[in-house]
Structure formats: structure tokens, C-alpha cells
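Listed here are the chains, written in short residue letters.
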Amino acid sequence: MTTIVFVHAHPDDESSQTSGSMAKASAEGHRVVVVYGTNGDHGEVPEDLAPGETLVDRRRKEADMSAAATGTSRVAWLGYSDSGMTGWEQNHEPNNFHNADLDEAAGRLAQILDEENADIVTGYDWHGGYGHPDHVKLHHVVHRAAELAVRRPRVLEATFNRDRLRAFRDLALAAGQDFGFDPDGPMDDGNPMGTPEAEIHWQVDVSAFLEQRRAAMQSHASQVTDIGSFMAMPPEVFAAVFGTEFYSEPGRPPGMREGWFLDE
Ligand SMILES: [Zn+2]
């Protein structure tokens, strides 16, 4: 049994980025843990909050539902507040993830890696996929935590395949459909989206776990804008977009391999 710790910036990021790998690993009998850097406290506030219920309460419940959908054994929180997108006022709040001391945040994560005796930890690429300050921070925190852990785990970076997204966009435009965004950017930090295929190491087929992916996304129902657009996709588009997950593994020789990183 391998223990894999999937680290994400906000509750719902796991559903759109790594839920297929989480479901696949747990279906194979591995231990899957998810850790969130932030509480997601600047997400969309749903209209149906119960008296006394906060957005953070709701997002924790949603994260637990998502974990149940993917067979994830443990949900853990680093406890920082959401930093908002680049330029938002909350970028300056002292207790947010973006402003957290790197070693302090990495220390919190390293403690979880040690408790789990983690074999693998996943984070994000160098610009957090699309430049959100919390996602960029998460890249650094995961690499530092791997250094601080008693037993250093393998580090993978969940990312988006920019070349593939461009091909999807071209197809959509040719069919007269709106793709929603241009993967060549500029994204939140001015960079393009994700990683060129030449710098990706793992293409993971998760097409057998589309139902779990959809259930994980639906768990985060409060986040209508982000999740609603995925839910609105026709089934064949959903399968094309979410049937594959991509990871870089720093230090590995170049070349994208279609396979499963747990097989080695
Ligand atoms: Zn996020």
C-alpha cells in the first residue's frame, strides 16, 4: 500500500484537478489523504446557509462529501485564509496563505506527511497552474514540506496540459462554440495556463473514474461559478476534458509517459 497526500489550495481544487487519481488510487487499495492550504473563506457564499452556519463550515462539509466520493481516507487543513485572486484586497490580510511564512506553512504540512509516513505528495507547478496567489504559494509549500519531512516523499506537481487545452479550444472555436478562456493567457499572474506537454511527465488515464470525478465536483455545490461550468459540459466534452490528469515530476528525465505514477 502506498500513501499519497494530495495537497490543494482550496476546497474544490481537488475535484477539478486530481479527483480521478484520488479515486483510482483508493480503488486500488492505497491510502489517499487530501490537505487544503486554505479554508476557502473567500469563495462564493451560498444562499441556503443554515442559521449559524458559516461559509467555512459549508466548505468543510463539501470537502468531506468530495472525499467520500473519491474514497479519500483523511481530510486535513493547514488552516490559512484564502488570499483571493491577484489584486484583491484580501491579498494583504496577514493570516492568509499567500502571506504565510514559508517554513511555518511547510512545517504544518510536513507534520501531516510525517503522521502519514507519506510515500508521495502532490502539489502544483511553479505558477500554480494559472497564477492564483494561493496556488503559487502551494507549489513552494509542498516542495519545502517534502524537504522537512522525516522521510522525503516523491513530489509530483498536478498541472494542466497547455497544448491539449489549446487543441480543445481550437476544436470548440471551429465548431462555433465558446471555450471560455485562452490557455495561452494571460492568466491571473500574466503567464499562460498550465505546462507545455514537453515538460509534463505523467498522463494518467482516469476515464474509468468519471462518475467519481463528477460526484466530487458536485460536492462543492456552493461554488456555482467554478463548478457549474464543468457540470454544464455535455457528457462527451466532460469525458474529454476530465478523463485525463497530468503531472510533472521534477528531477525526472523529460518526456511525457502515458501511465500511472504508482506503477513505479
Ligand atoms: Zn483554488
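In short, a report on the structure. (Residues numbered from 1 in each chain as written. Predicted model: local features only at pLDDT ≥ 70, side-chain atom pairs only at ≥ 80, totals over all residues. Heavy atoms only, no water.)

The secondary structure content of the protein amounts to 9 helices and 8 strands. Whereas a compact globule of 264 residues would reach a radius of gyration of roughly 18 Å, the protein reaches 17 Å, a difference of no more than 12%. By its C-alpha atoms, the protein is 50 × 45 × 35 Å across when sized along the principal axes. When burial is assessed residue by residue, the protein has 51% of its 264 residues classed as buried. In the protein, 77% of the contacts between residues at least 6 apart in sequence involve partners at least 24 apart. Counting only carbon and sulfur atoms, one obtains 52% of the accessible surface of the protein, whose full area is about 11400 Å². In the protein, which carries 21 positive and 44 negative side-chain charges, the distance between the mean positions of the two groups comes to 5 Å. (Helix = DSSP H or I, 4+ residues; strand = E, 2+ residues; numbered from the N terminus. Rg over C-alpha atoms; globule rule 2.2 N^0.38 Å. Buried < 20%, exposed > 50% of the residue type's maximum accessible area, 1.4 Å probe, protein only. Contact = heavy atoms within 4.5 Å. Areas by Shrake-Rupley, 256 points an atom, 1.4 Å probe, with all protein chains shown as cover. Lys, Arg positive; Asp, Glu negative; His and termini not counted. Charge placed at Lys NZ, Arg CZ, Asp CG, Glu CD.)

Between helix H7 (residues 210–219) and helix H9 (residues 235–242), the shortest axis-to-axis distance is 11 Å and the interhelical angle comes to 95°. Classed by the angle they form, the pair H7 and H9 counts as roughly perpendicular. Where H7 abuts H9, its residues Leu210, Arg213, Arg214 and Met217 lie against Pro235, Phe238, Ala239 and Phe242. Here the contact of H7 with H9 is built from residues that sort into 6 nonpolar, no polar and 2 charged. (Axes fitted to C-alpha atoms, helices over the stretch in contact; angles between N-to-C directions. Parallel < 35°, antiparallel > 145°, perpendicular 65-115°, else oblique. Nonpolar A, V, L, I, M, F, W, Y, C, P; charged D, E, K, R; others polar.)

The next point concerns the pairing of strand S4 (residues 120–124). When you tally the buried positions in S4, you get 5 out of 5 residues, the bulk of the element. Side chains Ile120, Thr122 and Tyr124 project from S4 onto one buried face, and the interleaved Val121 and Gly123 project onto a second face that is buried too. Note: strand S1 (residues 3–8) against S4, 3 bridges, orientation parallel. Across the sheet, residue Ile4 finds its bridge partner in S4, namely Ile120. Pairing between S4 and strand S5 (residues 154–159): 5 bridges, direction parallel. Bridge pairing links Gly123 to Glu157 in S5. Handedness of the crossover joining S4 and S5 through helix H5 (residues 133–148): right-handed. (Pairing = 2+ DSSP bridges. Right-handed = clockwise from strand over helix to strand, strands pointing away.)

Right, let's get into the environment of Val121. In this structure, Val121 sits in strand S4. Classification of Val121 by relative accessible area gives buried; the value is 0%. With 18 residues separating them in the primary sequence, Val121 and His139 have C-alpha atoms 11 Å apart. Contacts of Val121, omitting those with residues within four sequence positions, involve Val5, Val7, Leu113, Val142, Ala146, Pro153, Arg154, Val155 and Leu156.

What follows covers the side chain of Thr18. Assignment of secondary structure puts Thr18 in the loop between helix H1 (13–17) and helix H2 (19–27). Looking at Thr18, the relative accessible area reads 0%, which means it is buried.

Now for helix H3 (residues 55–70). Helix length check: H3, at 16 residues, gives a terminal C-alpha distance of 23 Å against a target of 22 Å (1.5 Å per residue), a fit within 8%. Turning to H3, its buried residues are Leu55, Arg58, Arg59, Glu62, Ala63, Ser66, Ala67 and Thr70. Buried positions along H3 lie against H1, H2, strand S2 (31–38), strand S3 (74–80) and H7. Once H3 ends, the next one or two residues include Gly71, with phi positive near 75°. (Expected span 1.5 Å × (residues − 1).)

Any link to function would need more than the numbers given here.
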